[in-house]
Amino acid sequence: MNYKFSEQDDGFQAIRFNGQRLQLLDQRRLPAEEVWLDVNSADQAGQAIADLVVRGAPAIGITAAYAAVLAARQRDGDVAGWQADMAQLEQARPTAVNLSWAVGRMCRQVEQSGRLDPDALAALALSIHRDDIAANRRMATLGSELIEPGAGVLTHCNTGSLATGGIGTALGVIVAGARAGRIAQVFADETRPWLQGSRLTAWELARAGVDAKVVVEGAAGALMASGQVQWIITGADRITARGDVANKIGTYNLAVLARHHGLRFMVVAPSTTLDPDLESGHDIAIEQRDPAEIWRAAGLETAPPGGAAWNPVFDITPSELVDVIVTEQGVFRPPYRFS
Ligand code: MRU
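Given the structure is predicted, the values throughout are model-derived calculations rather than measurements.

Visitor: I'd like a rundown of the sheet that holds strand β11 (residues 274-275), residues and numbers included.
Guide: In space, the 4 strands of this open sheet follow the order β11-β8-β9-β12, with mixed pairing throughout. Two strands close off the open sheet at either side, each with one partner strand: β11 and β12 (314-317). The sheet contact formed by strand β8 (residues 238-240) and strand β9 (residues 245-248) spans 2 bridges and is antiparallel. Counterpart to Ile239 in the pairing with β9 is Val245. Each of β9 and β12 is contacted by helix α9 (residues 251-260), which is oriented at about 30 degrees to β12, the strand it contacts most.

This is how it looks when you write it as structure tokens:
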């Protein structure tokens with residue numbers, strides 16, 4: 001059976017915009033509390049993105065598009081000032097290409113029309129958001145159809161409604177696959193140090209009525225050896241022309257382990273995450289974050305304070321380890337060539 005979508009399957013909205021006002025569900029505080037944060041400027045939006053109030057490649061892009069509208073209202077026709085706001089906003093996080101893609105689309109609209117029209121920008125931002133919802137649906141259908149009934153899957157980080165405009169990328173495939181009766185068991189990798197897997201993915205799956213087991217990252221090898229999973233399904237922050245995938249740190253480990261155990265590795269991402277201007281994953285800028293994030297996982301001191309750390313938050317999975325890439329445009333298999 002394949003899954004037929006209805007509107008309530010689009011998940012929930014973690015980004016609210018009514019034309020004048022932008023609100024973000026603060027993902028740092030989930031699952032303990034659901035707190036909405038008001039964002040009143042491009043500067044505040046950039047800070048919210050950098051601080052992980054909102055995270056996940058498509059969600060960052062959508063937030064930036066709405067922030068561009070707020071900035072246009074404030075700049076009141078000052079195109080150069082608005083462009084400076086956009087240049088700053090684009091710097092909030094470097095790895096997810098959706099951020100610069102969304103800012104680029106907003107900038108092109110202003111360049112082409114030659115003026116700062118907040119209503120026209122709002123219409124464009126809304127269409128970016130709606131297109132992401134539609135892409136999520138399409139990917140969920142395409143990806144879930146690849147999974148044989150009875151399969152177990154392991155996912156990493158959070159790729160659901162919190163990370164996108166709609167049902168999600170990898171998590172959309174998983175929810176659709178579970179509802180279609182294809183996926184029998186879901187495992188969510190806890191995803192250190194921010195615990196997007198245990199805090200956010202487990203919370204979203206419970207909301208969606210899909211049973212899931214959280215595993216610590218160190219359990220992935222044992223889990224794969226146990227025969228309980230057949231697919232590893234992740235999202236992406238950037239995919240190069242040759243199909244190398246930047247995603248949450250730990251994704252590469254899973255791909256290597258999956259290949260060793262003869263399991264399949266699926267990457268699910270909208271075409272807005274493709275970056276055909278880059279050939280190799282080595283060309284992708286990997287964000288490095290504050291070592292203190294490692295010291296204070298989940299609010300607990302987990303290491304002696306003041307020490308050093310290496311804290312890259314993304315890694316590169318070479319395309320050779322990726323069995324299939326699903327976008328809203330179709331199902332791609334190696335050798336990949338995105339243009
Ligand atoms: O640091 P994060 O939480 O923004 O990292 C998110 C991820 O790595 C996701 O897998 C990726 O953005 C895809 S989201 C649909």
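Visitor: With reference to specific residues and values, describe the site of the ligand.
Guide: Among the 17 residues in the neighbourhood of the ligand, the closest are listed as Arg55, Arg93, Asp237, Asn247 and Lys248. With respect to the ligand, the side chain of Arg55 contributes an N or O atom lying 2.5 Å from an oxygen atom. In the environment of the ligand, an oxygen atom lies 2.8 Å from a nitrogen or oxygen atom belonging to the side chain of Asp237. In isolation the ligand offers 410 Å² of accessible surface; the protein chains occlude 100% of this area. For the shell around the ligand, the secondary-structure elements that each account for two or more residues are α2 (57-75) and β9. Grouping the amino acids of the shell around the ligand by side-chain chemistry returns 6 nonpolar, 7 polar and 4 charged. Both of domain 1 (7-136) and domain 2 (146-332) provide at least three residues apiece to the shell around the ligand.

Visitor: So, the packing of α2 against helix α5 (residues 118-144): which residues are in play, and what are the values?
Guide: At a minimum axis distance of 9 Å, the contact between α2 and α5 shows a crossing angle of 170 degrees. With respect to each other, α2 and α5 are oriented roughly antiparallel. The residues of α5 that touch α2, namely those facing Pro58, Ile62, Ala65, Tyr66, Ala68, Val69, Ala72 and Arg73, are Pro118, Asp119, Leu121, Ala122, Ala125, Leu126, Ile128, His129 and Asp132. Grouping the amino acids of the contact of α2 with α5 by side-chain chemistry returns 13 nonpolar, 1 polar and 3 charged.

Visitor: Explain the sheet that holds strand β10 (residues 264-268) to me, and be specific about the residues and the numbers.
Guide: Within a beta sheet, neighbouring strands are joined by backbone hydrogen bonds and run either parallel or antiparallel to one another. Across the sheet, which stays open at both edges, the 7 strands sit in the order β6-β5-β4-β7-β10-β13-β14 with mixed pairing between neighbours. With one partner strand each, in any of the chains shown, β6 (212-215) and β14 (330-332) form the two edges of the open sheet. Across the sheet, the mean angle from the axis of one strand to that of its neighbour is 25 degrees, orientation sign disregarded. The strands touched by α5 within the sheet are β10, β13 (324-327) and β14, with β13 carrying the most contacts at an inclination of about 150 degrees. Helix-sheet contacts for helix α7 (residues 196-207) involve β4 (151-155), β5 (183-189) and β6, and the interaxial angle to β5 is about 155 degrees.

Visitor: Any details on the pattern of salt bridges? Residues and values, ideally.
Guide: Inspection of every chain in the model, using the stated rule, returns 17 salt bridges. Note that Glu293 is salt-bridged to Arg289, the shortest N-O span being 2.7 Å. With relative accessibility at 15%, the residue Arg289 sits in the buried group. Among the charged side chains, a salt-bridge network with shared partners connects Arg93, Glu287, Arg289 and Glu293.

Visitor: Report on the nonpolar core, specifying residues and quantitative values.
Guide: Core analysis: the biggest nonpolar cluster contains 38 residues, and Leu22, Leu24, Trp82, Met86, Leu89, Met106 and Leu121 have the highest contact counts within it. Elements with a minimum of two residues in this core: β1 (15-17), β2 (22-25), α1 (42-50), α2, α3 (79-89), α4 (97-113) and α5. Counting residues per element, this core draws most heavily on α2, at 12 residues. Ignoring anything within four residues of it in the chain, the contact list for Trp82 reads Ala68, Ala71, Ala72, Arg75, Met106, Cys107, Val110, Leu116 and Leu121.

Visitor: Break down α1 for me, with residues and values.
Guide: The set of residues buried in α1 consists of Ala42, Ala45, Gly46, Ala48 and Ile49. Taken down its axis, α1 places every buried residue within 160 degrees of arc, on the same side. If you follow the buried residues of α1, they end up packed against β2, β3 (36-39), α2, α3 and α4. Where α1 terminates, the next one or two residues include Leu52, which has phi positive at roughly 70 degrees.

Thresholds applied
Residues numbered from 1 in each chain as written. Predicted model: local features only at pLDDT ≥ 70, side-chain atom pairs only at ≥ 80, totals over all residues. Heavy atoms only, no water. Pairing = 2+ DSSP bridges. Helix = DSSP H or I, 4+ residues; strand = E, 2+ residues; numbered from the N terminus. Contact = heavy atoms within 4.5 Å. Axes fitted to C-alpha atoms, helices over the stretch in contact; angles between N-to-C directions. Near = heavy atom within 4 Å. Polar contact = N/O pair within 3.5 Å; in protein donor to acceptor, adjacent residues only side chain to side chain. Areas by Shrake-Rupley, 256 points an atom, 1.4 Å probe, with all protein chains shown as cover. Nonpolar A, V, L, I, M, F, W, Y, C, P; charged D, E, K, R; others polar. Domains from an automatic or database assignment. Parallel < 35°, antiparallel > 145°, perpendicular 65-115°, else oblique. Salt bridge = Lys/Arg side-chain N within 4 Å of Asp/Glu carboxyl O. Buried < 20%, exposed > 50% of the residue type's maximum accessible area, 1.4 Å probe, protein only. Core = buried A, V, L, I, M, F, W, Y, C linked by side-chain atoms within 4.5 Å. Arc of directions from axis to C-beta.

Everything listed is a geometric property; what it means functionally is a separate question.
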